[in-house]
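# Chains, contacts and geometry: an overview
Each chain, letter by letter, is given below.
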Amino acid sequence: MMILVTYDVSFDSKNGQKRLRQLAKVCLDYGVRVQYSVFECEIDAAQWLHFKNKLLSIYDSEVDSLRFYKLGKNWQNKVEHYGAKVAIDIFRDTLIL
């Protein structure tokens, strides 16, 4: 399933920058960054529970915001991209490093 993760971290609170880095690192372990605080993650149900719990353990519910959008298995029909930054489907396209 495809999960879109977004977050907003307060720098006014203690350790805000640290939480921001930690959230980004965990998101990069499960998906790709499509904007600064937006990640597309194609994962299965077991990975989803682990991933979600990791993120919830990092963010501060008093000052931060964390959102999950479940786009499901047929997400390709639900996503449109326009503008700069070429959209590469790393989940389906062949990548040569």
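Residues numbered from 1 in each chain as written. Predicted model: local features only at pLDDT ≥ 70, side-chain atom pairs only at ≥ 80, totals over all residues. Heavy atoms only, no water.

### Let's talk about the packing of aromatic side chains
We count it as follows: Note on ring pairs: Phe, Tyr and Trp rings are taken, using the six-membered ring of Trp, and paired if centres are within 6.5 Å. Classes follow the plane angle, with under 30 degrees stacked, over 60 edge-to-face and the rest tilted. Helical segments are the DSSP runs of H or I of at least four residues, strand segments are the runs of E of at least two, and each set is numbered from the N terminus. A simple rule labels every residue: compare its accessible area, found with a 1.4 Å probe on the protein chains alone, to the largest value its type can have, and call it buried under 20%, exposed over 50%, or partly exposed in between.
A full pass over the atoms with the stated rule returns four aromatic pairs. For the ring pair Tyr-7 and Phe-39, a centre distance of 6.0 Å and an interplane angle of 20° mean the geometry is stacked. Remark: Phe-39 occurs in strand β3 (residues 38–42) and Tyr-7 occurs in strand β1 (residues 2–8); sequence separation between them is 32 residues. For the pair Tyr-7 and Phe-39, one class covers both residues: buried.

### Considerations on the UniProt feature "binding site: Mg(2+)" (unreviewed entry) in the protein
Put simply, the rule is: UniProt positions are given in the numbering used here, feature names are shortened, and annotations may be inferred rather than shown by experiment. Residue contacts are counted whenever heavy atoms from the two residues lie within 4.5 Å of one another.
Mapped onto this structure's residue numbering, the UniProt feature "binding site: Mg(2+)" (unreviewed entry) falls at Asp-8. Looking at where Asp-8 falls in the secondary structure, it is placed in strand β1. Excluding residues within four positions of it along the chain, Asp-8 makes contact with Asp-64 and Ser-65.

### Remarks on the environment of Phe-51
Relative to the helices and strands, Phe-51 resides in helix α2 (residues 45–58). Here Phe-51 falls in the buried class, since its relative accessible area comes to 0%. Along the backbone, Phe-51 and Asp-29 are 22 residues apart, and their C-alpha atoms lie at a distance of 9.0 Å. Residue contacts for Phe-51: discarding those within four places in its chain leaves Val-5, Val-26, Cys-27, Tyr-30, Cys-41 and Ile-43.

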